[in-house]
Amino acid sequence: MCGIVGYIGEEQAAPILLNGLQKLEYRGYDSAGVAVYNSTGLHVVKSKGRLSVLEGILEGGKSLPGTVGIGHTRWATHGAPSDVNSHPQVSDGGKFVVVHNGIIENYLELKNRLMGRGVEFASDTDTEVVAQLLEYYYTGDVLEAIQKVIARVEGSYALGILCADCPEKLFAVRKDSPLIIGVGQGENFIASDVPAILSYTRDIYRLKDREIAVLTRESIAFYNQELDPIQKEPERIQWDIDAAEKGGYEHFMMKEIYEQPEALRKTISPRIREGKIVLDDITLTREQIQNIRKVCIVACGTAYHVGVVAKYAFERLLKIPLEVDVASEFRYREPILDENTLVIIISQSGETADTLAALRMAKAKGCRILSIVNVVGSTIANESDDVLYTWAGPEIAVASTKAYSTQLAVIYMIVLYMADQLGSVSQEEMAQYMADLQRLPDLAAECLQDKETIQYFASQYFNAHDMYFIGRNVDYAASLEASLKLKEISYIHSEAYTAGELKHGPISLIEDGTLVIAIATYEKLFDKMMSNVREVKARGAVVLGITVQDKEEALKQETDFQFCVPKITDFMLPSLSILPLQLFAYYVASMKGCDIDKPRNLAKSVTVE
Ligand code: F6R
C-alpha cells in the first residue's frame, strides 16, 4: 500500500529518495515525507498531499543536504492523511525515525502501555508505535532493539529505520509486506518495489519475513530474528527500464492497455512446444491431476474476475467442480478443503494480504497451491507449491489491465494442460483451442485498433451517473471486470448483472436514458441476451452492444451502438470483449478529468487486510 525507499551512499540522498518515491507513488499517494542525516543531525520533512507538494517544499531535494535517508509515500490506514500522520514517524526523544508499509494490528494496546510509561505520541498512526518502541527498548544496540520490537508487534510491516546514534547505517526489516535491498557501488538502497531503484541498480536481495538488513555505504549484512548473521542470494532484475516508464503515453494505464498483445505473446509462446502446453517446472503429476476432486480459485478484485471466467472453462472442459471466492470471504468461511483440492491463487502483486492469508490457510489444510503471479519472487510466489508467472512486466497503473489479460491466458493454459493430461477433450477440439490460444495476441491487437469508436461513445456518455453491464455466462464474467474498471477510475456508479437476473430486481433501476452495456459475445446465449436487451430498451435504456463479428447485423437491430470483436473459442471471449471496455473506462475517466493512474482512495498493492 505505501511506498518505501532508502539510500546510503556518496550522492545527495533527497533527490534520489524523491525520484524513487515518484516510481512508487502508485502504492499510495495521500502524503509523503523523507528523513535525511546531515552534519546538523537527522531532519524530517513531510507533507499531506501528492509527492509534488513535498518536491516543492524540498526544491527537488536541493534544500535538504545529506547522503543517508529514507522516504515514504502513504496510503492512509490509521489516521487521516495529514502532515503529522505522514511518515517518517519519529520517536518521542528523537532517536529513531521510521517509515512503514503495513499495519501494526496491536498498536493500540502497545500505545496505551507506552503512554502509561510516560511516552508522548504525536500522531494517530500505528507506525509511531514502532518508532516509540524502538527508542523504549534501545540500550545502545539498534539490532537488539529491532529484535525486541518485532517480537512485540503483530501484523504486517516493511520498515526502513534510521537511528540518530548511527548516522552511517540504514536498517530494514519486514513481515508480510515486500521490501527489497538494492546493491550499488559505494551505495546501497532499500525499496518496496524494483522501479524505485532500477535507475541505480539491477542487483537486489529480497528480504524474507523477519529478516533484518543493516546497510552501510560499502556493505549489506543480513540477520535472522535471533540476530544470527545469514547469507542471502542476490538476484538480477532483467526487465527493461522502459517497462517502468510511460514511453510516450499520457498515462500508464493506456500504455499497459496497448502492451496487452505483447504481454500475451510473452506469457503464451514460451509455453507451447510441439503443439502442446508445457507448464514451466510445474510438479503436479498426472496422477495428482486425476485425484483432484475440486478446484478453488482465490483472489481479489480483478484477479477474482479471472477466477469467474475460469469456472466456466474448468467445469466444461475438465468436469471438475470449481469454486471461486474473493480471498477476504474465503479465509473466514470455513471452506471444505483437503489434499484432493487444488487451490489456485491469482495475484498480480503476489503480496495481497487477504490472498496471502487464504493461501496459508489452504496450505495448512493440506491443499496443493498453484499460483498465478506477476511479480517474480513475491511472497505468494515463494509460498506456493507451483508458480506460473504472467510475463506482463511491471503493472504501474492502479487499474489492472495487462495483468488481467495475462492471468486469463495462464488460466486457459492450465485448463488445456489438465484436459490433455486427463484426456477430457477430443483431439479435434484440443487442436482448435490451441490454435485459438496462439491467435490470442494478434486478435487482441486487432481489438485495440479501433479506439476511435470507443472514444466517440465515451464522449457521449461520460457525464452519466450510473451504468449497468449485463451478460450471460463468460460475458457476465467480463461484465464484472468492465464494471470494476469503469467505477474505479471514473467514479461513475456502475454494476454488473447477469442478464437473466435483471427481472428479479435490478430492472427497476432502468429509466429513460440509462446506459446499459450488453456483452453478447457468447453465441449460444445470444438470442436470450437480445431478449434482455429488449427488456431494458423497452424501459428507456440506451444500449451499447458488444458481440462477435458474425452477430454484428443481428446486434444492430437491437442496440444503439455496437462494437465487434473477432470470434474465438467461447471461454476465451472475455480476453477480447474486455479490451474495448478497458478503453471505454479510460476515455470516460479522461474526459471527466480524473487522475487515471492514481484513482482516489485506491492503491496498487493491498498489503493490509
Ligand atoms: C483493479 C485492481 C484490483 C486488484 C486487487 C488484487 O483494477 O487492480 O482489484 O486486482 O487488488 O491485487 P493483486 O492481483 O495484486 O492480488
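Before reading on, note that the structure itself is shown above.
Undergrad: For this particular structure, what's the right way to read the overall build of the protein chain?
TA: Across its full length, the protein chain holds 19 helices and 27 strands. For 609 residues, the compact-globule estimate of 2.2 N^0.38 gives 25 Å, and the C-alpha radius of gyration of the protein chain, at 25 Å, lies within 12% of that figure. Within the protein chain, residue pairs in contact and separated by at least 24 positions form 72% of the contacts whose partners lie at least 6 positions apart. Surface accessibility of the protein chain: about 22,800 Å² in total, with carbon and sulfur atoms responsible for 47%. Counting 61 positive and 83 negative side-chain charges, the protein chain places the averaged centre of each group 2 Å from the other.

Undergrad: How should the site of the ligand be read in this particular structure?
TA: Near the ligand lie 14 residues; those nearest to it are S347, Q348, S349, T352 and E488. In this structure, an oxygen atom belonging to the ligand sits 3.1 Å away from a main-chain N or O atom of T302. Note that an oxygen atom of the ligand is positioned 2.8 Å from one of the side-chain N or O atoms of K485. Relative to its unbound accessible surface of 410 Å², the ligand loses 89% to contact with the protein. Applying the majority rule of atoms within 2 Å of the grid points places the ligand in the second largest pocket. The set of elements that each furnish at least two residues to the shell around the ligand consists of α9 (301-318) and α16 (474-490). Here the residues of the shell around the ligand sort into 5 nonpolar, 7 polar and 2 charged. Of the residues that make up the shell around the ligand, three or more belong to each of domain 2 (252-447) and domain 3 (451-592).

Undergrad: How do you make sense of the packing of helix α7 (residues 260-268) against helix α14 (residues 427-447) when you look at a structure like this?
TA: Each pair of packed helices can be described by the angle between their axes along with the distance between the axes. Where α7 contacts α14, the axes come no closer than 8 Å and their chain directions differ by 170 degrees. As the angle between them shows, α7 and α14 are arranged roughly antiparallel. Residue-level inspection shows P261, L264, R265 and I268 of α7 in contact with α14, the latter providing L437, L440, P441, D442, A444 and A445. A class-by-class count of the residues in the contact of α7 with α14 yields 8 nonpolar, no polar and 2 charged.

Undergrad: Please explain the sheet that holds strand β18 (residues 294-299) as it appears in this structure.
TA: Strands belonging to one sheet form pairs held by backbone hydrogen bonds; the direction of such a pair is parallel or antiparallel. Across the sheet, 5 strands lie side by side as β19-β18-β20-β21-β22; this open sheet has parallel pairing. In the strand order of this sheet, the two ends are held by β19 (322-326) and β22 (386-389), each with one partner. Each neighbouring strand pair of the sheet contributes to a mean axis angle of 20 degrees, computed without reference to strand direction. Summarising the sheet, β18 and strand β20 (residues 341-347) pair through 5 bridges and their orientation is parallel. Residue pairing across strands places I297 opposite I344, the latter belonging to β20.

Undergrad: Is there a simple way to explain the layout of surface pockets in this structure?
TA: Regions of empty space are outlined by a rolling probe, equal in size to a water molecule, passed over the atoms. Its volume calculated, the second largest pocket comes out at about 580 Å³. As for the second largest pocket, its lining consists of 28 residues, and the residues nearest its centre are C300, G301, T302, K604 and V606. Where the lining of the second largest pocket is concerned, the elements lending two or more residues are α9, β20, α11 (353-364) and α16. Residue composition of the lining of the second largest pocket, by class: 12 nonpolar, 11 polar and 5 charged. Counting residues domain by domain, the lining of the second largest pocket receives three or more from each of domain 2 (252-447) and domain 3 (451-592).

Undergrad: When you look at the pattern of salt bridges in this model, what are you seeing that I'm missing?
TA: Pairs can form between side chains of opposite charge once their charged atoms are near each other. Inspection of every chain in the model, using the stated rule, returns 35 salt bridges. With a shortest N-O distance of 2.9 Å, E109 and R113 are connected by a salt bridge. Pair noted here: E109 and R113 are both in helix α3 (residues 107-116), with a separation of 4 residues, about one helical turn. Exposure remark for E109: the relative accessible area of 43% places this residue in the partly exposed category. Judged by its relative accessible area of 40%, R113 is partly exposed. The network of salt bridges with common partners includes R174, K175, D176, D209, R360 and E383.

Undergrad: What am I meant to see in unusual backbone geometry here?
TA: Trans peptide bonds make up the majority, and among non-glycine residues the majority have a negative phi. Omega for the peptide link from H87 to P88 comes to 0 degrees, which places this bond in the cis form. Tracing the sequence through the fold places P88 in the loop between β4 (68-74) and β5 (89-90). The phi dihedral of R210 is positive, around 65 degrees, even though this residue is not glycine. Turning to its location among the elements, R210 is positioned in the loop between β11 (203-206) and β12 (212-215). You will see that Y491, though not glycine, has its phi angle at about 65 degrees, which is positive.

Undergrad: What should I look at first to understand helix α19 (residues 573-591) in this one?
TA: For an α-helix the count is 3.6 residues per turn, leaving residues at separations of three or four pointing the same way. When the terminal C-alpha atoms of α19 are compared, their 28 Å separation across 19 residues agrees well with the 27 Å that a helix rising 1.5 Å per residue should span. L579 marks the point of greatest bend in α19, at about 30 degrees, and the proline P580 comes within the next four residues. Most of α19 sits inside the fold, with 17 of its 19 residues counted as buried. Directly beyond the C-terminal end of α19, a positive phi value near 75 degrees is found at G593.

Undergrad: Would you mind going over the packing of helix α15 (residues 451-461) against α19 with me for this structure?
TA: Closest axis-to-axis distance for the α15/α19 pair is 9 Å, and the angle between their directions is 45 degrees. Classified by the angle between their axes, α15 and α19 sit oblique to one another. Every pair of crossing elements has a handedness; the one defined by α15 and α19 is right-handed. In contact with K451, I454, Q455, F457, A458 and S459 of α15, α19 contributes P580, L583, F584, Y587, V588 and M591. Of the residues belonging to the contact of α15 with α19, the class tally is 9 nonpolar, 2 polar and 1 charged.

Rules of the game
- Every residue gets a number counted from 1 within its own chain, in the order that chain's sequence is written.
- Note on the predicted model: pLDDT of at least 70 is required for a residue's local features to be given, and 80 or more for side-chain atom pairs to be given and counted; whole-chain, interface and lining totals, by contrast, use all residues.
- As a rule here, side-chain values cover all heavy atoms of the structure and leave hydrogens and water aside.
- Helix and strand definitions here come from DSSP, where helices need a minimum of 4 consecutive H or I residues and strands a minimum of 2 consecutive E residues; each element is numbered from the N-terminal end.
- It is over C-alpha atoms that the radius of gyration is taken, and the globule rule equals 2.2 Å times the number of residues to the power 0.38.
- Residues are treated as being in contact if the distance between any of their heavy atoms lies within 4.5 Å.
- Every accessible area reported is derived by Shrake-Rupley at a probe size of 1.4 Å, with residue values counting cover from the shown protein chains alone.
- Charge convention: Lys and Arg are scored as positive, Asp and Glu as negative, and His as well as the terminal groups of each chain are ignored.
- Lys charges are placed at NZ, Arg charges at CZ, Asp charges at CG and Glu charges at CD.
- Here a residue is considered near a molecule or strand provided that any single heavy atom belonging to it is located within 4 Å of it.
- Any pair of N or O atoms that falls within 3.5 Å is considered a polar contact. Within protein, one atom must be able to donate a hydrogen and the other to accept it, and sequence-neighbouring residues count only if both atoms are side-chain atoms.
- Using protein atoms alone on a 1 Å grid, points that fit a 1.4 Å probe yet trap it form a cavity, whereas open point sets bounded by protein on both sides within 12 Å along at least five of seven lines form a pocket; residues with an atom within 4 Å of a point count as lining.
- Think of it this way: a molecule belongs to a cavity or pocket when more than half its atoms come within 2 Å of the grid points there.
- In the scheme used here, Gly and all other residues not listed as nonpolar or charged are polar, with Ala, Val, Leu, Ile, Met, Phe, Trp, Tyr, Cys and Pro taken as nonpolar and Asp, Glu, Lys and Arg as charged.
- Residue ranges assigned to each domain were obtained from an automatic or database domain assignment.
- To get an axis, a line is fitted to the C-alpha atoms, and for a helix only the part in contact is used. The angle between two axes follows their N-to-C directions and goes from 0 to 180 degrees.
- In these notes the angle categories are as follows: under 35 degrees is roughly parallel, over 145 is roughly antiparallel, 65 to 115 is roughly perpendicular, and the rest is oblique.
- The pairing criterion is simple: DSSP has to find at least two bridges between the two strands.
- Grid points are joined across faces, edges and corners, and a volume is the space filled by probe spheres set on the points.
- We define a salt bridge as a contact between a side-chain nitrogen of Lys or Arg and a carboxyl oxygen of Asp or Glu at a distance within 4 Å.
- Burial classes: relative accessible area under 20% of the type maximum marks a residue as buried, over 50% as exposed, and values in between as partly exposed (1.4 Å probe, protein chains only).
- Multiply 1.5 Å by the residue count of a helix minus one, and that product is the helix's expected span.
- Each residue is assigned a bend, namely the angle between axes fitted to the seven residues that terminate at it and the seven residues that start at it.
- Two helices cross in a left-handed way if the nearer one is turned anticlockwise from the farther one by less than a right angle. They cross in a right-handed way if the turn is clockwise.

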